[in-house]
Amino acid sequence: MSGHTPQRVLVTGGTGFVGHHLVERLRERGDEVTVFDVTAPGGAPRPGVRTVEGDLRDTAALERAGRGVDVVYHLAAVVGVDQYLSRPLDVIDINFSGTRNVLDIAARAGAKVVLASTSEVFGKNPAVPWREDGDRVLGPTTSDRWSYASSKALAEHLTFAFARQHGLDARIVRYFNVYGPRQRPAYVVSRSVHRALNGRPLVVYDGGRQTRCFTYVDDAVTGTIRAADEPAAAGEVFNIGSMVETDMGTVVGLVAGLTGRTAVVHVDTAAALGQSYEDLGRRVPDNTKAGKVLDWRPETSLRDGLARTIEWARASDWWLALPDSGAE
Ligand SMILES: NC(=O)c1ccc[n+]([C@@H]2O[C@H](COP(=O)([O-])OP(=O)(O)OC[C@H]3O[C@@H](n4cnc5c(N)ncnc54)[C@H](O)[C@@H]3O)[C@@H](O)[C@H]2O)c1
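Cut-off values and rules
The numbers attached to residues start from 1 for each chain and follow its sequence in the written order. It should be noted that, the model being predicted, local features are given only for residues of pLDDT at least 70 and side-chain atom pairs only at 80 or more, the latter also being counted only at that level, while totals for whole chains, interfaces and linings use all residues. In computing side-chain values, all of the structure's heavy atoms are included and hydrogens and water are not. Each helix is a run of DSSP H or I of at least 4 residues and each strand a run of E of at least 2, with the numbering of both proceeding from the N terminus. What the globule rule says is 2.2 Å times the number of residues to the power 0.38, and the radius of gyration is computed from C-alpha atoms. We call a residue buried when its accessible area falls under 20% of the maximum for its residue type, exposed when it is over 50%, and partly exposed in between, using a 1.4 Å probe and counting protein chains only. We call two residues contacting when some pair of their heavy atoms lies within 4.5 Å. In short, Shrake-Rupley with a 1.4 Å probe defines the accessible areas, and a residue's cover is counted only from the protein chains shown. Residues scored as positive are Lys and Arg, those scored as negative are Asp and Glu, and His as well as the terminal groups of each chain are ignored. Taken as the charge centre is NZ of Lys, CZ of Arg, CG of Asp or CD of Glu, depending on the residue. The pairing test for Phe, Tyr and Trp rings, Trp by its six-membered ring, is centres within 6.5 Å, and the orientation test on the planes gives stacked under 30 degrees, edge-to-face over 60, and tilted for anything in between. Multiply 1.5 Å by the residue count of a helix minus one, and that product is the helix's expected span. Polar contacts here mean pairs of N or O atoms no more than 3.5 Å apart (in protein, one a potential hydrogen donor and the other a potential acceptor; neighbouring residues in sequence count only if both atoms are side-chain atoms). Throughout, an axis means a line fitted to C-alpha atoms (over the contacting stretch in the case of helices), and angles, computed between N-to-C directions, take values from 0 to 180 degrees. Each angle gets one of four labels, with under 35 degrees taken as roughly parallel, over 145 as roughly antiparallel, 65 to 115 as roughly perpendicular, and the rest as oblique. Handedness of a crossing follows from how the near helix is turned relative to the far one, being left-handed for an anticlockwise turn of less than a right angle and right-handed for a clockwise one. Under the convention adopted here, Pro, Cys and the residues Ala, Val, Leu, Ile, Met, Phe, Trp and Tyr are nonpolar, Asp, Glu, Lys and Arg are charged, and Gly plus all remaining residues are polar. The cutoff for a nearby residue is simple: one of its non-hydrogen atoms must lie within 4 Å of the molecule or strand. Each nonpolar core is a collection of buried residues, namely Ala, Val, Leu, Ile, Met, Phe, Trp, Tyr and Cys, held together in the definition by side-chain atoms within 4.5 Å. If DSSP finds at least two bridges between two strands, the strands pair.

1. Some words on the overall build of the protein chain
- Scanning the protein chain from N- to C-terminus turns up 12 helices and 13 strands.
- Relative to the 2.2 N^0.38 estimate, which gives 20 Å for 328 residues, the radius of gyration of the protein chain is 19 Å and therefore close to what a compact globule would have.
- With respect to the three principal axes, the spread of C-alpha positions in the protein chain is 55 × 45 × 35 Å.
- Burial status across the protein chain gives 53% buried among its 328 residues.
- Considering only contacts within the protein chain whose residues lie at least 6 apart along the sequence, 79% involve residues at least 24 apart.
- As displayed, the protein chain offers around 14,000 Å² of accessible surface, 51% of which is attributable to carbon and sulfur atoms.
- Placing the 38 positive and 40 negative side-chain charges of the protein chain at their respective mean positions leaves the two points 0 Å apart.

2. Topic: the packing of aromatic side chains
- Counting across every chain of the model gives 8 aromatic pairs.
- Here Tyr 84 and Tyr 148 contribute two aromatic rings whose centre-to-centre distance is 4.6 Å and whose plane-to-plane angle is 10°, an arrangement assigned as stacked. With Tyr 84 in helix α3 (residues 81-86) and Tyr 148 in helix α5 (residues 147-166), this residue pair connects regions lying 64 residues apart in the sequence.
- With relative accessibility at 7%, the residue Tyr 148 sits in the buried group.
- Measuring from centroid to centroid gives 6.4 Å for Phe 122 and Phe 176, while their planes differ by 35°, and the two rings are tilted.

3. Comments concerning helix α4 (residues 88-109)
- The end-to-end C-alpha distance of α4, which contains 22 residues, comes to 31 Å, matching closely the 32 Å that a straight helix rising 1.5 Å per residue would cover.
- Within the span of α4, buried status applies to Val 91, Ile 94, Asn 95, Gly 98, Thr 99, Asn 101, Val 102, Leu 103, Ile 105 and Ala 106.
- Looking at the buried side of α4, the elements it contacts are β1 (8-12), α2 (59-66), β4 (71-74), α3, β5 (112-118) and α5.
- Looking one or two residues beyond α4, the residue adopting positive phi is Gly 110, at roughly 70°.

4. Some points on the environment of Arg 182
- Summarising the element assignment, Arg 182 is placed in the loop between β7 (178-179) and α6 (188-197).
- Contacts of Arg 182, omitting those with residues within four sequence positions, involve Phe 17, His 20, His 21, Trp 312, Trp 318 and Trp 319.
- Within polar-contact distance, the side chain of Arg 182 engages the side chain of His 20 at 3.4 Å.

5. So, the packing of α4 against α5
- Orientation of α4 relative to α5, taken along the N-to-C sense of each, is 15°, at an axis distance of 9 Å. When the axes of α4 and α5 are compared, the pair comes out roughly parallel. The two elements α4 and α5 cross, and the hand of that crossing is right-handed. For the pair α4 and α5, contact is made by Pro 88, Val 91, Ile 92, Asn 95, Phe 96, Thr 99, Arg 100, Leu 103, Asp 104 and Ala 107 and by Ser 147, Tyr 148, Ser 151, Lys 152, Leu 154, Ala 155, Leu 158, Thr 159 and Phe 162, respectively.
- Residues that form the contact of α4 with α5 fall into these classes: 11 nonpolar, 5 polar and 3 charged.

6. Observations concerning the site of the ligand
- Taken together, the neighbourhood of the ligand is formed by 25 residues, with Asp 37, Thr 39, Leu 75, Tyr 148 and Lys 152 sitting nearest.
- Here an oxygen atom of the ligand sits 2.7 Å away from a polar atom, N or O, in the side chain of Lys 152.
- If you tally residues by element for the shell around the ligand, the top one is β5, at 3 residues.
- The residue inventory of the shell around the ligand, partitioned by class, reads 13 nonpolar, 9 polar and 3 charged.

7. Things to note about the nonpolar core
- Val 11, Leu 22, Leu 26, Tyr 73, Tyr 175, Ile 240 and Leu 294 are the most contacted members of the largest nonpolar core, which totals 50 residues.
- Core analysis: the next-biggest nonpolar cluster, separate from the first, contains 25 residues, Leu 56, Val 91, Ile 105 and Tyr 148 among them.

8. Examining the pairing of strand β8 (residues 202-205)
- Residue alternation in β8 divides its side chains into two sets, Leu 202 and Val 204 and Val 203 and Tyr 205, and both sets are buried.
- Of the pairings in the sheet, the one linking β8 to strand β13 (residues 264-267) comprises 4 bridges and is parallel in character. Bridging across to β13, Val 204 finds its partner in His 266.

9. So, the sheet that holds β1
- Taken together, 7 strands build an open sheet; the order of strands is β3-β2-β1-β4-β5-β6-β11 and the sheet is parallel. Two strands close off the open sheet at either side, each with one partner strand: β3 (49-53) and β11 (237-240). Sheet twist, expressed as the average angle between the axes of neighbouring strands with direction ignored, equals 20°.
- Packing against the sheet, α4 makes contact with β1, β4 and β5, and its axis sits at approximately 175° to β4.
- Taken strand by strand, helix α7 (residues 217-229) contacts β4, β5, β6 (170-175) and β11, and its axis lies near 165° from that of β6.

See the structure below:
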């Protein structure tokens, strides 16, 4: 990209879904990228990318990976409904203590930090659309479902606390239902595409009435990089999400139409996931702030994003061979 001064960048979680796309974009503009991830990268090594395999809880390994960096994009986390239910302790430990370690090394290196947070922090606040300063409305601690939202909210508090007490230059992005190529088949879009292309019926939960605001991964990456680059973003949090609300039945219908797979089964969530899971009716961002401060707006329609995701998936046998980690 013209006019960009290359930077030394650490991407935690750079092997994961959003991280992979972010690393590609940073590399394209000439940044020197180190990935820190507990999961080894698949496929051929990426030129210009150094990969350090390690756990966020291993401070020494993290410290070595982050030596001399200018910017840290902190994306590593335990993510996904199946994970909140099966690994609630790791969710808290990694998303909270891991973030503390990342902030520590960034503060010591004098690096800027972008924390990847989530729309989940708003919980079940019924007053959509949610502005960044909207209230958090969460369920009880007896429901593991809320461990992720709580761990990420605490990670946000930690980030602001480091900014205040240690002068850390930190920015936070809250993603809303990001989808696209490479996403683990455990979410409505990725799982529907995965099932359709594997010749399995698509699944609609609870009549498909719940809505989400689906955000294509390329748009999420653009918002993330702008949050790092924009001086006025320091100390701020941004909703990075489309404001177009789509119900689950429509999403599954679009995937069915684009793949030519029409068999659909209906599942009752409480029966499938147990009472420890509580799903939300609506989740809608107000993305005005990202528009004003970052000049960011989502540019990819759901139909186009789905078409691109499906085209990629058709050519990606390794991904089609992944187990379907859905809950039903
Ligand atoms: N995808 C979305 O819709 C979405 C929505 C809201 C927020 N987010 C946030 O964006 C970030 C990236 O999410 P994603 O969808 O790419 O998830 P992902 O699961 O694909 O990627 C997370 C990465 O973190 C790594 N990781 C997990 N535990 C680790 C540990 N202990 N040490 C080091 N690495 C570890 C994993 O190996 C994985 O590569 C996360 O912080 C997530 O909370 C994503």
